[in-house]
Amino acid sequence: MIRRTQAERSDETTGRLVRAARERFGAAGYAPTSIDAVAAAAGVTKGAAYHHFGGKAELFRAAFVAELEAVDAKLLAVAAEEGDVWTALRRGCRTFLEHCLDPGFRQIVLLDAPAVLGWETVRAIEHDHMLRILRDGLSLAVAAGLAPDGDLDARARLVFGALCEGGMLLARSEEPAADLPRIAAEADRLLSAVVRPGERDPKALR
């Protein structure tokens, strides 16, 4: 029998807490969820939760990052399936909006994170995740001659801000699945103003 190291045991406990936090915060929201409830769901003591995370807000931050990492994986998988920049960007935007239908993502990332973590912190974290992937895609569009050069960081933030507004529309909709096609179509129109699909080169990424 292989004995686990202290670091391995610590990582396992941390992982259990983050998974439980995503489940609890995603289902009930930040305010009604206690760190005791998260610890119980993870099968650890409250003391263990405070040992690995300084408090409820820090645990929520970890859940927020985990939600972003899950979206990152989806976006990168979608981009890898496509052979041209325009289709990859378009599918990526659609994938993000579709993910906004997920109740846990919607609650943690769209509704609670700005209030719990603060807008600047949220955007700083997103800059290393979804926003970075979008910026990389826009950079590829420029390299492929599908978009003019310029301040790509500002451009990515503007497009991402619009997508987040689309996500908020879905988050507050009584029928988000029914509203998705309409909002996704508007996202397409917005993206078409930034990247010129009519001039796309199917071999640009090959």
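What counts and how
Residues numbered from 1 in each chain as written. Predicted model: local features only at pLDDT ≥ 70, side-chain atom pairs only at ≥ 80, totals over all residues. Heavy atoms only, no water. Helix = DSSP H or I, 4+ residues; strand = E, 2+ residues; numbered from the N terminus. Buried < 20%, exposed > 50% of the residue type's maximum accessible area, 1.4 Å probe, protein only. Contact = heavy atoms within 4.5 Å. Areas by Shrake-Rupley, 256 points an atom, 1.4 Å probe, with all protein chains shown as cover. Lys, Arg positive; Asp, Glu negative; His and termini not counted. Charge placed at Lys NZ, Arg CZ, Asp CG, Glu CD. UniProt positions renumbered as here; feature names shortened; annotations may be inferred. Salt bridge = Lys/Arg side-chain N within 4 Å of Asp/Glu carboxyl O. Phe/Tyr/Trp six-rings, centres within 6.5 Å; stacked < 30°, edge-to-face > 60°. Core = buried A, V, L, I, M, F, W, Y, C linked by side-chain atoms within 4.5 Å. Expected span 1.5 Å × (residues − 1). Disulfide = S-S within 2.5 Å.

Looking at an unreviewed UniProt entry, the chain carries the name TetR/AcrR family transcriptional regulator, with the source organism given as Nonomuraea composti.

When helices and strands are tallied, the chain shows ten helices and zero strands. Its helices and strands taken in sequence order, the chain reads α-α-α-α-α-α-α-α-α-α from the N to the C terminus. The principal-axis extents of the C-alpha atoms in the chain amount to approximately 60 × 45 × 30 Å. A buried classification covers 44% of the 206 residues belonging to the chain. In the chain, once contacts between residues fewer than 6 apart in sequence are set aside, the share between residues at least 24 apart is 72%. Accessible surface computed for the chain: about 10800 Å², of which carbon and sulfur atoms make up 52%. Taken as two groups, the 27 positive and 30 negative side-chain charges of the chain have centres that lie 3 Å from each other.

With that settled, consider the UniProt feature "DNA-binding region" (unreviewed entry) in the chain. The feature "DNA-binding region" (unreviewed entry), as annotated in UniProt, sits at residues 34-53 in this numbering. Secondary structure over residues 34-53 splits into 75% helix and 0% strand, and the C-alpha atoms at its two ends are 13 Å apart.

Quick look at the pattern of salt bridges now. Following the criterion strictly, the structure yields eleven salt bridges and no others. The residue Arg91 makes a salt bridge to Glu81 at a minimum N-O spacing of 2.9 Å. Highlighted residues: Arg91 in helix α5 (residues 85-99) and Glu81 in helix α4 (residues 56-81), separated in sequence by ten residues. Across the salt bridge formed by Arg189 and Glu186, the nearest N and O atoms sit 2.6 Å from each other. In this pair, Arg189 and Glu186 are both assigned in helix α10 (residues 176-194), three residues apart and thus about one turn of the helix distant.

Scanning the entire structure with this criterion turns up five aromatic pairs. Look at Tyr30 and Phe60: their rings are 5.3 Å apart centre to centre, the planes differ by 80°, and that puts the pair in the edge-to-face class. Residue Tyr30 is located in the loop between α1 (6-28) and α2 (35-42), and its partner Phe60 is located in helix α4; the two are separated by 30 residues in the primary sequence. Looking at Tyr30, the relative accessible area reads 18%, which means it is buried. For Phe60, a relative accessible area of 0% puts it in the buried group. Taking 6.0 Å as the distance between ring centres and 50° as the angle between the ring planes, the aromatic pair formed by Phe96 and Phe160 counts as tilted. Taken as a pair, Phe96 in helix α5 and Phe160 in helix α9 (residues 152-171) lie far apart in primary sequence, 64 residues in all. Like Phe96, the residue Phe160 is buried in the burial classification. One aromatic cluster is present, built from ring pairs that chain together Phe25, Tyr30 and Phe60.

Below, the discussion takes up the nonpolar core. Counting residues in hydrophobic clusters, the biggest one holds 63 residues, and the most contacted among them are Phe25, Phe64, Leu97 and Val195. Excluding anything up to four places from it in sequence, Val195 contacts Trp86, Leu89, Leu138, Ala141, Leu146 and Ala147.

Moving on to α4. Because an α-helix completes one turn every 3.6 residues, residues spaced three or four positions apart along the sequence face the same direction. Taking 1.5 Å per residue as the helical rise, α4 with its 26 residues ought to reach 38 Å, and the 38 Å between its terminal C-alpha atoms agrees with that figure. For α4, every residue scored as buried is listed here: Leu59, Phe60, Ala63, Phe64, Val65, Ala66, Glu67, Leu68, Val71, Asp72, Leu75 and Val78. Close packing links the buried residues of α4 with α1, α2, α5, α6 (103-117), α7 (119-127) and α8 (130-143).

Here the focus is the state of the cysteines. Counting across every chain of the model gives zero disulfides. With no disulfide of its own, Cys93 lies 11 Å from the sulfur of Cys164, the closest cysteine sulfur. A relative accessible area of 7% places Cys93 in the buried class. Cys164 provides the cysteine sulfur closest to Cys100, a residue in no disulfide bond, and the two sulfurs are 7.3 Å apart.

We now examine the UniProt feature "domain: HTH tetR-type" (unreviewed entry) in the chain. Taking the numbering used here, the UniProt-annotated feature "domain: HTH tetR-type" (unreviewed entry) corresponds to residues 11-71. Helix makes up 80% of residues 11-71 and strand makes up 0%, while its end C-alpha atoms are separated by 22 Å.

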